[in-house]
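# Examination of the molecular architecture
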2 protein chains.
Amino acid sequence: MEVIRSNFKDNLSKVHEAVEEADFLAIDGEFSGISDGPSVSALTNGFDTPEERYQKLKKHSMDFLLFQFGLCTFKYDHTEEKYIMKSFNFYIFPKPFNRSSPDVKFVCQSSSIDFLANQGFDFNKVFRNGIPYLNQEEERQLREQYDEKRSQANGAGSLSYISPNATKCPVAIPEDQKKFIDKIVEQIDEFLKNEENDSLELEPCTGFQRKLIYQTLSWKYPKGIHVETLESDKKERYIVISKVDEEERKRREQQKQAKEQEELNDAVGFSRVVHAIANSGKLVIGHNMLLDVMHTIHQFYCPLPDDLSEFKEVTSCVFPRLLDTKLMASTQPFKDIINNTSLAELEKRLKEAPFSPPKVESAEGFPSYDTASEQLHEAGYDAYITGLCFISMANFLGSFLSPPKNYVSARSELIEPFFNKLFLMRVMDIPYLNLQGPDLQPKRDHVLHVTFPKEWKTSDLYQLFSAFGNIQVSWIDDTSAFVSLSQPEQVQIAVNTSRYAESYRIQTYAEYVEKKHEEKRAKRKCTEDSWKEMERKRLKTQGSPYLSQSRYYCVNSFTGTSIVGKRSMSPIQEETGSDNLEEEEVPEYDQTNSYAESPPDVKKRAKRFKKIKKEQVSAGKSNVLAHNFLFCLELKFHGCGLFVFWMSQLFWTCMCVMH
Amino acid sequence: MEVIRSNFKDNLSKVHEAVEEADFLAIDGEFSGISDGPSVSALTNGFDTPEERYQKLKKHSMDFLLFQFGLCTFKYDHTEEKYIMKSFNFYIFPKPFNRSSPDVKFVCQSSSIDFLANQGFDFNKVFRNGIPYLNQEEERQLREQYDEKRSQANGAGSLSYISPNATKCPVAIPEDQKKFIDKIVEQIDEFLKNEENDSLELEPCTGFQRKLIYQTLSWKYPKGIHVETLESDKKERYIVISKVDEEERKRREQQKQAKEQEELNDAVGFSRVVHAIANSGKLVIGHNMLLDVMHTIHQFYCPLPDDLSEFKEVTSCVFPRLLDTKLMASTQPFKDIINNTSLAELEKRLKEAPFSPPKVESAEGFPSYDTASEQLHEAGYDAYITGLCFISMANFLGSFLSPPKNYVSARSELIEPFFNKLFLMRVMDIPYLNLQGPDLQPKRDHVLHVTFPKEWKTSDLYQLFSAFGNIQVSWIDDTSAFVSLSQPEQVQIAVNTSRYAESYRIQTYAEYVEKKHEEKRAKRKCTEDSWKEMERKRLKTQGSPYLSQSRYYCVNSFTGTSIVGKRSMSPIQEETGSDNLEEEEVPEYDQTNSYAESPPDVKKRAKRFKKIKKEQVSAGKSNVLAHNFLFCLELKFHGCGLFVFWMSQLFWTCMCVMH
């Protein structure tokens, strides 16, 4: 179902219903670009750490617009033994809704736009009829604007207005305005005495004068009149005063409030769909979904946090359960039987033995997609086939059970090892970003960091290292690259021979990391200093800095736990070597408790996340291993196959250590 | 006529013909946004200097895309006494043409996109079928790429390749590759002896190996074979060697060269239209055209220069004769009889007395626009009605002549006073940016610069200055604004009374300017220091910095004269007060010589510009006044009207001085 601005409101309840009844959801996003800085090959360097990758995507990919969002909900029908699917293809555009609303600027990358244009993407639908949205902070600000306007109109609350000579008294009329205001008051007294007219239109005046009128009237006539500002055909603003009894006043107020609430809802727009997904707590499937997750949070929740660990916390709040089909397909038992994990190829492969194509039908009233006539890179279609891939792979896991099962539900423990691990594109030795704990830290003792003149090409590096046999080159930028040797023992030889080279420089990966940390520490110190300087200035001018306050709001709502998060999660600070990787790889069963739980809002989730993290730390290794053991018993080993599958999470660790 | 990627090549000759035969051209551009930073009201502050305005537009408006360009050519038919018009509406998009071509990123501003969407703008046409383009530097680079490829393939020139162990000898084969190359040479010797086969396909190999093969073959077999690289279905690259005699080799070479030239032309794309306009030297009309001119130069010529004076030089090369209808309509004798100078309103006004609607017809084969059914904000239509406005206003000037004339040509001296002065939007006391000399420098002794807390609104400023009568507020940003008082004498009083204020700060305009200059000087020093640091680093690594070289190229092509330009033009450096404004306002008749001249290319023009500037400086005031006098005699005064008109250029000066 195509959802655009004009049919969004009418279909929102359908979206809510579909999400609520679903067993799992699949999502996909289309963006106006990928990288506004380095080329994609440099953006996805083979030896990025998860932190580095996060920082690069945050810096170079977030100014693009997510302008199409595909959501496909899947519900299993046990009697018919098939899935019922509802797919939604949302067009999204930050149409400004009034003069004071944010005027979003976004970047387009010609190659991405050209790619989508070739796929027949309808840009007119996005720009003419895309659904607007607000992130949480913008929603809060708009709500405050409405509240302020209302309290000003009511004279109910105190004015948040601060002016140089402001006093708490609501009738501090400047000398030159006294005559004007007095005349207005006279006019109103006359109007109230006279029973002929029900309303009085004042002459258009300046915004400052209108403010004075509001203040004066709310003090002089707390009851019996209704004051509102209208705009004439000539765009002049003027005040209208009407006689109302208390009941009528309240009715009008409620009417206005309802209208404002609707306007607010319209402005929040597509974000409401994302809130529904988040609040459902349902399993959300995506294919190679790191960028989709980052964009969704950045565009509809809050600017991405500075650190990866904070991003993990935010993500656990917005998407408590994620599964990446590209990571799943790249892991045992699938890895050996699936060659190409690109979405289109994967979907084709999973129709053939040993897999079986899933039975999926569109719900009544929903159009169906035909996988034979591919509509790749339409977000709704991509979400749909991502769901198909997941069902095929999940069901395949059932074949290892004794007795084998044809249907494996999205709630099955069989798929839990794949939860909350997002595929890391093109990283050689870290297959995924682990959202539920520290990331893998493979030894990189066979890797060199090389800097050289801009003119060098890959062939120059091959030539330079021709004495060292097979090498792999991962470009960082124009003048540096990682070069991995086949033998770690040769690393020191390479470094030594380069000592007196003039045009290039070689250091070990460890040296490179150390230097980078040093720079980061220095930079952080610098930022802290300039922040202190800013703070000093702020205190000096005695103005309250609204913007920096609003930043705090946003960060606070997710990252009040950041210190705890860092202590328990950051692999860099723990530095216990590779043996903590095994512990990490065990599924976290604490999380399964939350299945039955009614989904709390984002702030509550942040607290829960923090709690779980703390418990994990205190429970320690033995507790986790116990869970692990119980899990094995339950699965009832069925030959070697299942063992391989269950061991899949250890596989990468082994690979890294063996390297 | 709508021109898109698919019909561009077929219609380019029509464009050339239309430009060549035209009396004048009108242009208009549509952009993906206006400001990526401050709001438009802050971007166009009422007390910007032309330099400040240029810097702000350069910084905040150039990352948007000019994606529709309207060109309308007008040719006067003397026998029929009407204009023949040809209009072109170009859709423009930087589609990358191959893997190594620039992948342009551009910004979109939602409010602008939304505005265009409401006008029915067809974004699909832009993104799916927009004409590509290259600026001069990109064109040069692409040409070099082709040249390099050719010389490599021919073995004709030396390879520009630099590698760490490179020697001048073309056959420095690394030890581990010697066997591979020897085998290839053996294979080729065999192939040349054998008369059966005309061509030999080598096995696919690495890029480095292919390079070695090319080098070896151009040395071993300088004649008699043709070597080229092809790509297999599996995307593997392999070398094919064919036996050719010298004639066949040349024929193939020429064929290939022609194909490459066509590819290059396709890539240069829409820029060829701008080159045609520039090379024609024709009068180019626009309405409020500063942004159009900046975007056109930035997108199709070169990144905008750092200083306004350099920008003026570049502009004089690309558009030697510009006329802004908004500036014309805002100047006497039009100023008093035209209330609203927005394009749509102006067009309507100029159909009524004392103006007469011009007689304009579409050329055969060109669709006509109907001004009754407005198609505003389609660039082609806007260019068309801009042309209509110009004709009406130009003809109106003829009514002041004795005897009056109904038709005033684009070459008439009557319109020369309006040449090369671009309307400055919303600047209170400087009506235009003067492209042919220093800008006006009005006294701003009634202006205050005020800083205050973020929360302040305009009404707070009115309140603060309530003792000073009427004031005008021009917002700079959230925490500062210019406030102009009606009486310059009150300025010092205002400054004095604010001396002990805590939340706000008042300084005179002169103090503000002085402080800004100081900051600029400090910043420049800082940049110079960091540049020196960079240079030190560069020398240390001994690599030749390609990027910085290419910057030089671009700047050199226009700004070799920048020092001269600064000396003769910058009003800040001259600081001779307001009496140099009068001198400046006189039309520069040196320029009229160039009418008959065949339009030279941009570099030549830069030289001419420099020459003219020098002559102006040496000729001095008396010479210019002599020209001025001659001009008056020629015009044969016809009552007060013409005097007012001719004095129009002095009008603003007077106003500024009187203020």
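Rules used throughout
For every chain, the first residue of the written sequence is number 1, and numbering continues from 1 along that sequence. Whichever chain is written first is A, and whichever ligand is written first is 1; the rest continue in order. Predicted model: local features are reported for residues with pLDDT of at least 70 only, side-chain atom pairs are reported and counted for 80 or more only, and whole-chain, interface and lining totals are derived from all residues. Remark: hydrogens and water are excluded; side-chain values derive from all non-hydrogen atoms of the structure. Numbering goes from the N terminus for both helices and strands, where a helix is a DSSP run of H or I of at least four residues and a strand is a run of E of at least two. We call two residues in contact when some of their heavy atoms are within 4.5 Å. Throughout this description, the term salt bridge denotes a Lys or Arg side-chain nitrogen within 4 Å of a carboxyl oxygen of Asp or Glu. Throughout this description, buried means an accessible area under 20% of the type-specific maximum (1.4 Å probe, protein chains only), exposed means over 50%, and partly exposed covers the range between. Per-residue confidence from the predictor is reported as pLDDT, a score between 0 and 100. UniProt positions are given in the numbering used here, feature names are shortened, and annotations may be inferred rather than shown by experiment. Here the copies were fitted onto each other by least squares, based on C-alpha atoms from residues at pLDDT of at least 70 in both. Note on definitions: buried area is the accessible-area loss of two parts on being combined, 1.4 Å probe, summed for both. Within 3.5 Å is the distance limit for a polar contact, defined as a pair of N or O atoms, with the added protein rule that one can donate a hydrogen and the other accept it, and that residues adjacent in sequence qualify only through two side-chain atoms. Put simply, Ala, Val, Leu, Ile, Met, Phe, Trp, Tyr, Cys and Pro go in the nonpolar bin, Asp, Glu, Lys and Arg in the charged bin, and everything else, Gly too, in the polar bin. When DSSP finds two or more bridges between a pair of strands, those strands are recorded as paired. Axes here refer to lines fitted to C-alpha atoms; in helices the fit is confined to the stretch in contact. Angles between the N-to-C directions go from 0 to 180 degrees. Annotation comment: domain bounds sourced from an automatic or database domain assignment.

### Concerning the side chain of Glu260 of chain B
Its place among the elements puts Glu260 of chain B in helix H9 (residues 246-268). Excluding anything up to four places from it in sequence, Glu260 of chain B contacts Tyr146 and Arg150 of chain B.

### Considerations on the pattern of salt bridges
Residues and elements named next belong to chain A. All told, the structure shown has 49 salt bridges over all chains when counted by the stated rule. The shortest N-O distance in the salt bridge between Asp266 and Lys9 comes to 3.2 Å. With Asp266 in helix H9 (residues 246-268) and Lys9 in helix H1 (residues 5-21), the pair connects residues that are 257 residues apart, well separated along the chain. What makes Lys9 partly exposed here is its relative accessible area of 43%. Put simply, Glu263 and Lys259 hold a salt bridge, and the shortest N to O gap is 3.8 Å. Note that Glu263 and Lys259 are positioned in helix H9 at a spacing of four residues, about one turn of the helix. Given the relative accessible area of 55%, Lys259 is considered exposed. When salt bridges that share partners are traced, they join Glu2, Asp122 and Lys125 into one network.

### Observations concerning the confidence of the model for chain A
Any segment with low pLDDT has predicted coordinates that should not be analysed in fine detail. Residues and elements named next belong to chain A. Residues with a pLDDT of 70 or more make up 76% of chain A, whose mean pLDDT is 78. When mean pLDDT is compared element by element in chain A, strand E9 (residues 283-286) scores highest at 98, while helix H20 (residues 562-569) scores lowest at 31. Below a pLDDT of 50 lies the segment residues 541-600, which in the model reaches 106 contacts outside its immediate sequence neighbourhood of four places, other chains included. For this predicted complex, the interface score ipTM comes out at 0.75, alongside a pTM of 0.75.

### Here we look at the UniProt feature "domain: R3H" (unreviewed entry) in chain A
Here, UniProt's "domain: R3H" (unreviewed entry) annotation points to residues 178-245 of chain A. Regarding residues 178-245 of chain A, the helix share stands at 44% and the strand share at 25%, and the terminal C-alpha atoms are separated by 29 Å.

### A short note on the relation of the copies chain B and chain A
In screw terms, the move from chain B to chain A is a rotation of 180° and a rise of 0.0 Å along the axis, fitting with an RMSD of 0.2 Å. Here the symmetry operator amounts to a two-fold rotation axis. Of the C-alpha atoms belonging to chain B, the one lying closest to the rotation axis is found on Val107 of chain B, 2.2 Å away. A shared interface surface links the copies, since 100% of the contact residues of chain B are contact residues in chain A too.

### Side note on the interface of chain B and chain A
Contact residues are listed per partner, giving 51 residues for chain B and 51 residues for chain A. Interface area for chain B against chain A, summed over the two sides, is near 4500 Å², with a carbon-plus-sulfur share of 53%. Run the count over chain B and chain A and you get two salt bridges. Note that Lys95 of chain A is salt-bridged to Asp114 of chain B, the shortest N-O span being 3.0 Å. On the surface where chain B and chain A come into contact, there are 19 residue pairs in polar contact (both at pLDDT 80 or more). Taken together, the elements giving at least two residues each to the side of chain B that touches chain A come down to strand E5 (105-109), helix H4 (110-118), helix H5 (123-129), helix H16 (458-464) and helix H19 (546-559) of chain B. In terms of residue count, H4 of chain B provides more of the side of chain B that touches chain A than any other element does, six residues in total. For the side of chain B that touches chain A, a count of residues per class yields 21 nonpolar, 17 polar and 13 charged.

### Things to note about the sheet that holds strand E14 (residues 447-451) of chain B
All names here are of chain B. Pairing is antiparallel across the open sheet formed by four strands, whose spatial order is E15-E16-E14-E17. Because the sheet does not close on itself, it has two edges, and the strands there are strand E15 (471-477) and strand E17 (505-508). Taking each pair of neighbouring strands and ignoring which way they run, the sheet shows an average axis angle of 25°. Of the pairings in the sheet, the one linking E14 to strand E16 (residues 480-485) comprises five bridges and is antiparallel in character.

### Re the domain arrangement of chain A
Residues and elements named next belong to chain A. For chain A, the domain assignment lists domain 1 (2-133 + 269-434), domain 2 (155-161 + 169-245) and domain 3 (447-515). Inter-centroid distance (C-alpha atoms) of domain 1 to domain 3 is 37 Å. Domain 1 puts eight residues into the contact, and the matching count from domain 3 is nine residues. Between domain 1 and domain 3, a total of about 650 Å² is buried, with carbon and sulfur atoms accounting for 53% of that surface. When the buried surface of domain 1 facing domain 3 is broken down by residue, Asn45, Phe47 and Met428 rank first, second and third, together holding 68% of it.

### What about unusual backbone geometry?
The amide bond that connects Gln332 of chain B to the next residue, Pro333 of chain B, takes the cis arrangement and shows omega of 5°. For Pro333 of chain B, the position within the fold is in the loop between helix H13 (325-329) and helix H14 (343-349). Residue Pro354 of chain B follows Ala353 of chain B across a cis peptide bond; omega there is 5°. Position of Pro354 of chain B relative to the elements: it lies in the loop between H14 and strand E11 (360-362). A positive phi is found at Arg426 of chain A, a non-glycine position, where the angle reads about 65°. In this structure, Arg426 of chain A sits in the loop between strand E12 (421-423) and strand E13 (432-434). In this structure, Asn420 of chain B is a non-glycine residue whose phi angle is positive, near 55°. With respect to the element layout, Asn420 of chain B can be found in the loop between helix H15 (379-398) and strand E12 (421-423). A relative accessible area of 3% means that Asn420 of chain B is categorised as buried.

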